[in-house]
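These are the residues of each chain, in order.
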2 protein chains.
Amino acid sequence: MGNNAPIGVFDSGLGGLTVLKEIIARLPEEDTIYLGDTARVPYGIRSPEVVTRYSLENARFLLGRGIKLLVIACNTASAISLPALKLESPVPVIGVIEPGARAAVQASKTGRIGVIGTETTIKSGAYRIVLERLAPSVKVFSRSCPLFVPLAEEGWADNEIALLAARNYLTGLNEEGIDTLLLGCTHYPLLKETIARVMGDGVTLIDSARETAREIQETLAEGALSNMTDASPRRQFYVTDAPERFKALGGRFLLGGQPAGRGLSSIKDVKLTEVWNEAGWQKK
Amino acid sequence: MGNNAPIGVFDSGLGGLTVLKEIIARLPEEDTIYLGDTARVPYGIRSPEVVTRYSLENARFLLGRGIKLLVIACNTASAISLPALKLESPVPVIGVIEPGARAAVQASKTGRIGVIGTETTIKSGAYRIVLERLAPSVKVFSRSCPLFVPLAEEGWADNEIALLAARNYLTGLNEEGIDTLLLGCTHYPLLKETIARVMGDGVTLIDSARETAREIQETLAEGALSNMTDASPRRQFYVTDAPERFKALGGRFLLGGQPAGRGLSSIKDVKLTEVWNEAGWQKK
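Bear in mind the structure is a predicted one, so any value in this text is a computation, not a measurement.

Sorry, what's going on with the domain arrangement of chain A here?
A common way to report how large an interface is uses the accessible area buried once the components associate. Residues and elements named next belong to chain A. Looking at chain A, the domain boundaries give domain 1 (7–95 + 210–277) and domain 2 (97–208). Computed over C-alpha atoms only, the centres of domain 1 and domain 2 are separated by 22 Å. Listed per partner, the contact involves 27 residues of domain 1 and 23 residues of domain 2. Breaking the side of domain 1 that touches domain 2 down by element, the ones donating at least two residues are helix 1 (17–26), helix 2 (48–63), helix 3 (75–88), helix 10 (208–222) and helix 11 (244–254). With five residues, helix 3 is the largest single contributor of residues to the side of domain 1 that touches domain 2. Tallied by class, the residues present in the side of domain 1 that touches domain 2 amount to eleven nonpolar, ten polar and six charged.

The following block contains the structure:
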């Protein structure tokens, strides 16, 4: 049996490509459709109401294309809109908060866990809620780091400016004696080396992308949704603003670091779409 | 006679408040309606097509409220969308590019002028085109400074991080021997001291807000549009995302530096609107 429909992945923009990369590495045979809402990025400074409106529009666009699983590859949208998306979606929905939190709890020995993310993610308390549910005895310390996203997009991930910004944001967390730091934004893995330099060897950095890919694999297996054909996988990319900037910067997110798996040497064909004008999938 | 309709001002978000401040200082008797498109900020990373679509929606919202003059208090929207807005609007439209360029040409002795702004503003070449039209012999050197907006919004306008970023962006311009630097983004006046420190005493910094307010005053006078009543001016604020962040950060832009003129001690009443769902003004 099996199911050869694509996995749908959306993000506010580019950052979710770090999650797509891990999905492709773990499930190279699966078709994927990625949607980056580049006309309305970033989500991390927006209100919960607006984040949910945009997230629902993105989800409807992908559901309208017959996906078998919906991945919210954006921490802010996962933190705010997962319940609304689960309510609307006829297919399983996976966010990045729960996988990331699970990995952090597994990694921590002292139970003192730090979380960094966008303003809206940190204000939502989503990570704290999930962490405390998974392990009621943990102590959670959190901090928003608004400049990390523009630094990563500017390509200033490991210069003196990034280091000073990281010191400004993270010194307080370090003083709390945490042993694990959750990178609660898909852009932050690009600053991993700089963050590690500030936090020191005693602190494990958790990037939720890999754990999210593992959860996707399990969900597909449990639901008998895995692709059993061996046709070459189809990779579709959609953006809501002109594709040029996405194409120019996307490689840094999708291809940086480890190899990205079969069938993905670069981002070539990116299509423009207006998710807010798409009727998309209608709930039956 | 005269005309007591309000002046309409829009910006992608908060930055245009630096322009509103100068309008109020110069024309304290005029009613104003300010619209910040906070659900879709920033414009400086978006394509020209998207910037124009958003700008038209903002303009229609304000025109639907009976304004007598439309001010584009955003450099990116002015650089890209002024012609489209002039075509649609039944009232005069004033952007910030031309006033800023005029002030720069007046200030420069050597004719070597630098321009800094967002990616989209600098790529558009709008400042270069206007500067060369005003003074064909000028030499224009330009540079986008993507991190300046997040630095200003973070309140990191004059720390070590801002200074290093400014050095990174501006050293090349300094080596070109410019004597005038146009701050081509409404956020940049907040970093004025840091920019001045990098550029040195020999370089005059031009902030287009004041010159824009002067042009508005002239346009009102020429068109017999000035308010001749002496009722207290009405200040209306609209945003497209929840008002909290706008209220929290707005003061830094509207009240920082010089006094802002009569009737404006803080931003109190900010209303939420969805410009994309408003029918607004319809062209006759």
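Just to check I follow, could you spell out the packing of helix 8 (residues 160–175) of chain B against helix 9 (residues 192–199) of chain B for this structure?
Angle between the axes and distance between the axes are the two parameters that describe a pair of packed helices. All names here are of chain B. Relative orientation of the contacting elements helix 8 and helix 9 amounts to 45°, with a least axis distance of 9 Å. Taken together, the axes of helix 8 and helix 9 are oblique relative to one another. The way helix 8 lies across helix 9 gives a crossing that is right-handed. Only Thr194, Ile195, Arg197, Val198 and Met199 of helix 9 make contact with helix 8, whose side of the interface consists of Ala162, Leu163, Ala166, Arg167, Leu170 and Asn174. Across the contact of helix 8 with helix 9, the residue classes break down as seven nonpolar, two polar and two charged.

Looking at this model, I keep getting lost on the relation of the copies chain A and chain B. Mind explaining?
Between the two chain copies there is a screw-like relation: a rotation about an axis and a shift along it. Relative to chain B, chain A is turned by 180° and slid 0.0 Å along the rotation axis, the superposed coordinates differing by an RMSD of 0.0 Å. In short, the pair behaves as if placed about a two-fold rotation axis. Looking at the interface residues of chain A, 100% of them are also at the interface in chain B, so both copies use one shared face.

What is the right way to look at the interface of chain A and chain B in this model?
With 18 residues of chain A at the contact, the number on the chain B side is 18 residues. Of the residues forming the side of chain A that touches chain B, the biggest block, four residues, is contributed by helix 8 (residues 160–175) of chain A. Grouping the constituent residues of the side of chain A that touches chain B by class yields ten nonpolar, one polar and seven charged.

Whenever I open this one, the sheet that holds strand 6 (residues 139–144) of chain B confuses me. Can you help?
The pairing of strands in a sheet happens through backbone hydrogen bonds and is either parallel or antiparallel. All names here are of chain B. Taken in spatial order, the four strands make up an open sheet running 6-5-7-8, and their pairing is parallel. Both outer strands of the open sheet, strand 6 and strand 8 (204–207), are each paired with one neighbouring strand and no more. This sheet shows a mean twist of 25° between the axes of neighbouring strands, independent of strand direction. Here strand 7 (residues 180–184) pairs with strand 8 via four bridges, running parallel. Residue Leu182 lies in a different strand from strand 8, and its bridge partner there is Ile206. The strands that helix 6 (residues 126–134) touches are strand 5 (112–117), strand 6 and strand 7; relative to strand 6, the one it contacts most, it runs at about 165°. Lying over the sheet, helix 8 contacts strand 5, strand 6 and strand 7, oriented at roughly 170° with respect to strand 6.

Looking at this structure, how should I read the confidence of the model for chain A?
Caution applies to low-pLDDT parts of the model: their predicted coordinates are not meant to be read in detail. Taken over all residues, the pLDDT of chain A has a mean of 92, while the share at 70 or more is 94%. Counted against residues more than four places away or in other chains, residues 258–263 of chain A, with its pLDDT under 50, gives 13 contacts.

Mind showing me how you'd approach the sheet that holds strand 2 (residues 32–36) of chain A here?
What the six strands build is an open sheet, ordered 4-3-1-2-9-10 (chain A); its pairing is parallel. Unpaired on one side and paired on the other, strand 4 (93–94) and strand 10 (270–272) of chain A mark the two borders of the sheet.

Sorry, what's going on with helix 10 of chain A here?
Because each turn of an α-helix spans 3.6 residues, side chains separated by three or four positions in sequence point in the same direction. Residue and element names in this part refer to chain A. With 15 residues, helix 10 should cover 21 Å at 1.5 Å per step; its first-to-last C-alpha distance of 21 Å lies within 8% of that length. As for helix 10, its buried residues are in contact with strand 1 (7–11), helix 1, strand 3 (69–72), strand 4, helix 4 (97–107) and strand 8 (204–207). Looking one or two residues beyond helix 10, the residue adopting positive phi is Ala224, at roughly 50°.

Could you clarify how one ought to interpret the pairing of strand 3 (residues 69–72) of chain B in this entry?
Residue and element names in this part refer to chain B. Going residue by residue along strand 3, you find Leu69 and Val71 tucked away on one face and Leu70 and Ile72 tucked away on the opposite face as well. Bridge analysis of strand 1 (residues 7–11) against strand 3 gives four bridges, and the strand direction is parallel. Bridge pairing in strand 3 links Phe10 to Ile72. Two strands pair when backbone bridges link them, and strand 3 and strand 4 (residues 93–94) are joined in this way by two bridges, in the parallel orientation. Pairing of Leu70 across the sheet is with Val93, part of strand 4.

Honestly, the environment of Ala5 of chain B in this entry has me stumped. Any pointers?
Residue and element names in this part refer to chain B. Mapped onto the elements of the fold, Ala5 is located in the segment before strand 1. Here Ala5 falls in the partly exposed class, since 16 other C-beta atoms lie within 10 Å of it. For the pair Ala5 and Glu153, spaced 148 residues apart in sequence, the C-alpha separation works out to 32 Å. Contacts of Ala5, omitting those with residues within four sequence positions, involve Gly66, Ile67 and Lys68.

It is not clear to me how the environment of Leu164 of chain B should be interpreted in this structure. Could you clarify?
Structurally, the position occupied by Leu164 of chain B is in helix 8. In the structure, Leu164 of chain B is positioned 62 residues away from Ser226 of chain B in sequence and 45 Å away in space, judged by C-alpha atoms. If sequence neighbours within four positions are ignored, Leu164 of chain B has contacts with Glu160, Ile161 and Leu164 of chain A.

Is there a simple way to explain unusual backbone geometry in this structure?
What is expected of a backbone is that most residues other than glycine have negative phi and most peptide bonds are trans. All names here are of chain A. Here the residue pair Val41 and Pro42 is connected by a cis peptide bond, since its omega of 0° sits within 30 degrees of zero. In this fold, Pro42 is placed in the loop between strand 2 and helix 2. In this structure, Ala224 takes a positive phi of about 50° despite not being glycine. Secondary-structure assignment places Ala224 in the loop between helix 10 and strand 9 (235–239). On the neighbour-count criterion, Ala224 (10 C-beta atoms within 10 Å) is exposed.

Help me out: how do you make sense of the pairing of strand 7 of chain B in this one?
Look at any regular strand and the pattern is simple: side chains alternate between the two faces of the sheet. All names here are of chain B. Taking burial as the measure, the five residues of strand 7 include five buried ones, the bulk of the element. Of the two faces of strand 7, the one lined by Thr180, Leu182 and Gly184 and the one lined by Leu181 and Leu183 are each fully buried. As judged from the five bridges shared by strand 5 and strand 7, these two strands associate in the parallel manner. Pairing of Gly114 across the sheet is with Leu181, part of strand 7. Remark: the strand 7/helix 9/strand 8 crossover connection has right-handed handedness.

Conventions we followed
- Residue positions are counted from 1 within each chain, in the order its sequence is given.
- Ligands are numbered from 1 and chains lettered from A, in the order in which they are written.
- Reporting in this predicted model follows two pLDDT cut-offs: at least 70 for local features of residues, and 80 or more for side-chain atom pairs to be given and counted; totals over whole chains, interfaces and linings ignore these cut-offs and use all residues.
- Where each domain starts and ends follows an automatic or database-derived domain assignment.
- Here, residue contact means that the backbone-derived C-beta atoms of the two residues sit within 7 Å.
- Numbering goes from the N terminus for both helices and strands, where a helix is a DSSP run of H or I of at least four residues and a strand is a run of E of at least two.
- Gly is placed with the polar residues, together with every amino acid not listed as nonpolar (Ala, Val, Leu, Ile, Met, Phe, Trp, Tyr, Cys and Pro) or charged (Asp, Glu, Lys and Arg).
- The axes are straight lines fitted to the C-alpha atoms, using for helices just the contacting stretch, and the angles between their N-to-C directions are given from 0 to 180°.
- To sort the angles, those under 35 degrees are grouped as roughly parallel, those over 145 as roughly antiparallel, those from 65 to 115 as roughly perpendicular, and the leftovers as oblique.
- Left-handed describes a crossing whose near helix is turned anticlockwise from the far helix by less than a right angle; the clockwise case is right-handed.
- Alignment of copies: least-squares fit on C-alpha atoms of residues with pLDDT of at least 70 in both copies.
- Paired strands, in this sense, are two strands between which DSSP finds at least two bridges.
- Scored from 0 to 100, pLDDT records how confident the predictor is in each individual residue.
- Every helix has an expected span of 1.5 Å times one less than the residues it contains.
- Partly exposed residues are those falling between the two cut-offs: more than 12 but fewer than 20 other C-beta atoms within 10 Å of their own, whereas 20 or more means buried and 12 or fewer means exposed, with C-beta atoms placed from the backbone.
- Every crossover in which the path from the first strand over the helix to the second runs clockwise, viewed with the strands pointing away from the viewer, is termed right-handed.

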